[in-house]
Amino acid sequence: MLTKKAKYALKAALHLARRESGVAVLIADIAAAEKIPKKFLETILLSMKNRGILVSRKGRGGGYALARPAARVTFGEIVRAMDGPLAPVPCVSATAYHRCEECASEETCEIRGVMQRVRDASSAVLDATSLADVLRKRPR
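All residue numbers here refer to positions counted from 1 along the written sequence of the relevant chain. Residue-level local features of this predicted model are given only where pLDDT is at least 70; pairs of side-chain atoms are given and counted only at 80 or more, and the full residue set underlies all totals for whole chains, interfaces and linings. With hydrogens and water excluded, all non-hydrogen atoms of the structure serve as input to the side-chain values.

*Asks:* Could you clarify how one ought to interpret the side chain of Glu106 in this entry?
*Replies:* Where helices and strands are cited, they refer to DSSP runs of H or I of at least four residues and of E of at least two residues respectively, numbered from the N terminus. Mapped onto the elements, Glu106 comes out in the loop between α4 (75–83) and α5 (110–127). Relative accessibility thresholds used throughout: buried, under 20% of the residue-type maximum; exposed, over 50%; partly exposed, between the two (1.4 Å probe, protein chains only). The buried category is assigned to Glu106, whose relative accessible area is 12%. Whenever two N or O atoms come within 3.5 Å, that pair is a polar contact, provided that in protein one can donate a hydrogen and the other can accept it, and provided that, for residues adjacent in sequence, both atoms are side-chain atoms. A distance of 2.5 Å separates a polar atom in the side chain of Glu106 from a polar atom in the side chain of Tyr97. Here, two residues are considered to be in contact whenever any of their heavy atoms come within 4.5 Å of each other. Setting aside chain neighbours within four positions, we find Glu106 in contact with Cys91, Tyr97, Arg99 and Arg112.

And the structure:
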């Protein structure tokens, strides 16, 4: 399940993607427009900045903006930045693999095969969907 943190991060990123490229937006403006608690949003935006998804500017005209064009920022990148690996179990994670303690054999584990397909399907959708894709498909 998508956490509130990841959902708010996606909402904030889409808010920034709707703005003119490179134009910074104040945290308070994003929080009000997207109905996100301001203190929680501060933490989320800082995390996305630290991951290279956003940039920040201080002073007049300051705030947050996307670090790259919306077409080059994917849902998968944002969800991983907020929630970590997409894999539902650690033994199928592409980025944080570790063997399940209770598993006798990964090769014969029936659960692992299904969870690998879940991870692959989630990754395929999220990594193939950019912020720009979503904005192009939204109803006017």
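*Asks:* Would you explain the pairing of strand β2 (residues 63–66) in this entry?
*Replies:* Where a strand is regular, its side chains alternate between the two sheet faces. Because side chains alternate across β2, one face comprises the buried residues Gly63 and Ala65, and the other comprises Tyr64 and Leu66, equally buried. Note: strand β1 (residues 54–57) against β2, four bridges, orientation antiparallel. Directly across from Leu54, in β2, lies its bridge partner Leu66. The turn linking β1 back onto β2 is made up of five residues, and Gly59 within it adopts a positive phi angle of 80 degrees. A pair of strands is labelled paired if DSSP reports no fewer than 2 bridges between them.

*Asks:* Can you walk me through helix α3 (residues 38–50) in this structure?
*Replies:* Since one α-helical turn is 3.6 residues long, residues separated by three or four positions face the same way. With 13 residues, α3 extends 18 Å from end C-alpha to end C-alpha; this agrees with the ideal 18 Å at 1.5 Å per step. On the buried face of α3, the contacting elements are α1 (4–17), α2 (27–34), β1, β2 and α4. Just beyond α3, the residue with positive phi is Gly52, at close to 85 degrees. In this analysis, the expected span of each helix is defined as 1.5 Å times one less than the number of residues it contains.

*Asks:* Sorry, what's going on with the nonpolar core here?
*Replies:* What tends to happen in soluble globular proteins is that the nonpolar side chains get buried as a cluster. Core analysis: the biggest nonpolar cluster contains 33 residues, and Leu41, Leu45, Met48, Leu54, Ile78 and Leu131 have the highest contact counts within it. Once residues within four sequence positions are removed from consideration, Leu54 is found in contact with Leu16, Leu45, Met48, Lys49, Tyr64, Ala65, Leu66 and Ala67. In terms of nonpolar packing, the next biggest core, distinct from the first, is built from five residues, Ala87, Cys91, Val92 and Cys100 among them. By convention a nonpolar core is built from buried Ala, Val, Leu, Ile, Met, Phe, Trp, Tyr and Cys residues, the set being connected through side-chain atoms within 4.5 Å.

*Asks:* Looking at this model, I keep getting lost on the confidence of the model for the protein. Mind explaining?
*Replies:* Predicted coordinates in areas of low pLDDT are best not read in detail. Note on scores: pLDDT gives the predictor's confidence for each residue, bounded by 0 and 100. Averaged over the protein, the pLDDT score is 91; the fraction of residues at 70 or greater is 98%. Across the protein, α1 holds the top mean pLDDT of 98, while α5 sits lowest at 92.

*Asks:* When you look at the pattern of salt bridges in this model, what are you seeing that I'm missing?
*Replies:* Close approach of charged atoms lets side chains of opposite charge pair. Only one rule defines a salt bridge in this text: a Lys or Arg side-chain nitrogen within 4 Å of an Asp or Glu carboxyl oxygen. Tallied over the full model, the rule gives eight salt bridges. One salt bridge in this structure joins Arg80 and Asp127, with 2.7 Å as the shortest N-O distance. Residue Arg80 is located in helix α4, and its partner Asp127 is located in helix α5; the two are separated by 47 residues in the primary sequence. According to the relative accessible area criterion, Arg80 is partly exposed, its value standing at 23%. Asp133 is the partner of Arg136 in a salt bridge, and the nearest nitrogen-oxygen pair spans 2.5 Å. In this pair, Arg136 and Asp133 are both assigned in helix α6 (residues 131–137), three residues apart and thus about one turn of the helix distant. Classification of Arg136 by relative accessible area gives exposed; the value is 57%. Among the charged side chains, a salt-bridge network with shared partners connects Arg99, Glu106 and Arg112.

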